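Next come the chains, spelled out residue by residue.
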Amino acid sequence: MPSPKARSSAARTGSVPCAGGNGRYEFISLNRTPPPHLLQRQGSDPTAARLRASESPSRRRGSGSSTSSTGGQQLPEEDCMKLNPSIIGIALSSLLAIDLWLSKRLGVCACEDASWGSMRPLMKLVEISGHGIPWLAGATYCLYKSDSAAGQEVMLNLLMALVLDLVLVGVMKAVVRRRRPAHNRMDMFATFSVDGYSFPSGHATRAAMCARFLLAHLVLAAPLRVLVLLWATFVGFSRVLLGRHHVTDVVFGFLMGYWQYNLVELLWLSPVMLQSTTGQLQ
């Protein structure tokens, strides 16, 4: 047992007595690091563990922030943006997830083993009816065979609209570069390099633009007008059934084709304009 003299000296020096492994008391200064054998004993002491666990979280956060600030390591700005996503980003991610899920569920003619695989040949026939090559060939033939100025004017502008559609859709696909659905089979009719991309649907843009063009410049009976609208809708819907496009590709394609017709009206080529242009060139 320590003497009263040792106790008073320990109180003056700020030390506490502690029993050593040999039963003798040792004085440990509170301002110095304890010996290794006492550190091991403190690590196994449940009272010390509870004291460490009860340390204030704010203190821990403060020490962590001070350590990171003193070390000069701060989170990059892009990491902070990822930790705090905007509402627009969340909405776009949710829309994309719904688009992928719905496109996969509607791809019932993507292969012969699908639920509607027997309808795949009919869907491919509809696909060819909205392809650019048959429309370009048909417009060129009608322009060649037309014997009236009005008919030639209409067919010339239809040909110009088809070329404009190919250019705009090709540029859009090359810029966006969205891949086609994973369940798509690349057995399409007469494909080109940009046809490996999905957004937007060229068939949908062409169907919407040609439908507006035919309804505006051809005299058609009511049943034929309804048939044209049904054809355009069916062409766009077949792109999803065949697994060629996502749903948003077709929806944007319809909107883009509708707008393309307005652009064609602005760029309309009339015989008077062609004659004046030819006279200026001569």
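Residues numbered from 1 in each chain as written. Predicted model: local features only at pLDDT ≥ 70, side-chain atom pairs only at ≥ 80, totals over all residues. Heavy atoms only, no water.

### Details of the overall build of the protein chain
When its secondary structure is counted, the protein chain shows 13 helices and two strands. Within the protein chain, contacts between residues at least 6 apart in sequence are counted, and of these 65% link residues at least 24 apart. (Helix = DSSP H or I, 4+ residues; strand = E, 2+ residues; numbered from the N terminus. Contact = heavy atoms within 4.5 Å.)

### Concerning the environment of Leu241
Mapped onto the elements, Leu241 comes out in helix α11 (residues 222-241). Counting along the chain gives 125 residues from Leu241 to Trp116, while the straight-line C-alpha distance between them is 8.9 Å. Those residues in contact with Leu241, other than ones at most four positions away along the chain, are Leu106, Gly107, Val108, Cys109, Ala110 and Met123.

### Comments concerning helix α12 (residues 247-266)
Between the first and last C-alpha of α12 there are 30 Å, a value that for 20 residues agrees with the 28 Å anticipated at 1.5 Å per step. Taken together, the buried positions of α12 are occupied by Asp249, Val250, Gly253, Met256, Gly257, Gln260, Tyr261 and Val264. Buried residues in α12, looked at end-on, bunch into an arc of 155°, giving them a common side. Opposite the buried face of α12, at more than 90 degrees from it, the exposed residues are Leu255 and Leu266. (Expected span 1.5 Å × (residues − 1). Buried < 20%, exposed > 50% of the residue type's maximum accessible area, 1.4 Å probe, protein only. Arc of directions from axis to C-beta.)

### Side note on the nonpolar core
If you look at the biggest cluster of nonpolar residues, it comprises 17 residues, and the most contacted ones within it are Leu158, Leu162, Met209, Phe213 and Val264. Elements with a minimum of two residues in this core: α8 (132-145), α9 (149-176), α10 (202-217) and α12. It is α9 that provides the largest number of residues to this core, a total of eight residues. Those residues in contact with Leu158 that sit more than four places away from it in its chain are Ala139 and Phe213. (Core = buried A, V, L, I, M, F, W, Y, C linked by side-chain atoms within 4.5 Å.)

### Observations concerning a nonpolar patch on the surface
Together, Val163, Val167, Val171, Val175 and Val176 line one region of the surface with nonpolar side chains, adding up to about 410 Å² of accessible area. Examined against the element boundaries, Val175 turns out to sit in helix α9. (Patch = residues over 30% accessible without salt bridge, like charges linked within 9 Å, V, L, I, M, F, W, Y side chains within 5 Å. Areas by Shrake-Rupley, 256 points an atom, 1.4 Å probe, with all protein chains shown as cover. Salt bridge = Lys/Arg side-chain N within 4 Å of Asp/Glu carboxyl O.)

### Some details on the packing of aromatic side chains
Under the counting rule described, the total for this entry stands at four aromatic pairs. For the pair Phe213 and Tyr261, a centre-to-centre distance of 6.3 Å together with 85° between the ring planes defines the contact as edge-to-face. Linking Phe213 in helix α10 with Tyr261 in helix α12, this pair joins segments that are 48 residues apart in sequence. Judged by relative accessible area, which is 2%, Phe213 ranks as buried. Overall, the relative accessible area of 6% leaves Tyr261 in the buried class. Across the ring face of Tyr258, the terminal group of Arg212 is positioned such that the distance to the ring centre comes to 3.9 Å. (Phe/Tyr/Trp six-rings, centres within 6.5 Å; stacked < 30°, edge-to-face > 60°. Lys NZ or Arg CZ within 6 Å of the ring centre and 35° of its normal.)

### Focus on unusual backbone geometry
A cis amide bond links Phe199 to the next residue, Pro200, at an omega of -5°. Looking at where Pro200 falls in the secondary structure, it is placed in the loop between α9 and α10. Phi at Arg177 takes a positive value of approximately 55°, unusual for a residue other than glycine. Relative to the assigned elements, Arg177 resides in the loop between α9 and α10.

### Looking at the pattern of salt bridges
Scanning all chains against the criterion turns up five salt bridges. The partner of Arg178 in a salt bridge is Asp99, with the nearest N and O atoms 2.8 Å apart. Taken together, the residues span a long stretch of sequence, with Arg178 in the loop between α9 and α10 and Asp99 in helix α6 (residues 87-106) at a distance of 79 residues. Taken as a pair, Arg178 and Asp99 share a single burial class, namely buried. Of the charged contacts in the structure, one is a salt bridge between Asp249 and Arg178, with a shortest N-O distance of 2.9 Å.

### Here's the deal with the side chain of Ser103
Locating Ser103 in the fold gives a position in helix α6. Ser103 sits in the buried class, given a relative accessible area of 1%. Here Val247 takes part through its backbone nitrogen, which lies 3.0 Å from a polar atom of the side chain of Ser103. Other than its neighbours up to four places away in sequence, Ser103 contacts His183, Val240, His245, His246 and Val247. (Polar contact = N/O pair within 3.5 Å; in protein donor to acceptor, adjacent residues only side chain to side chain.)

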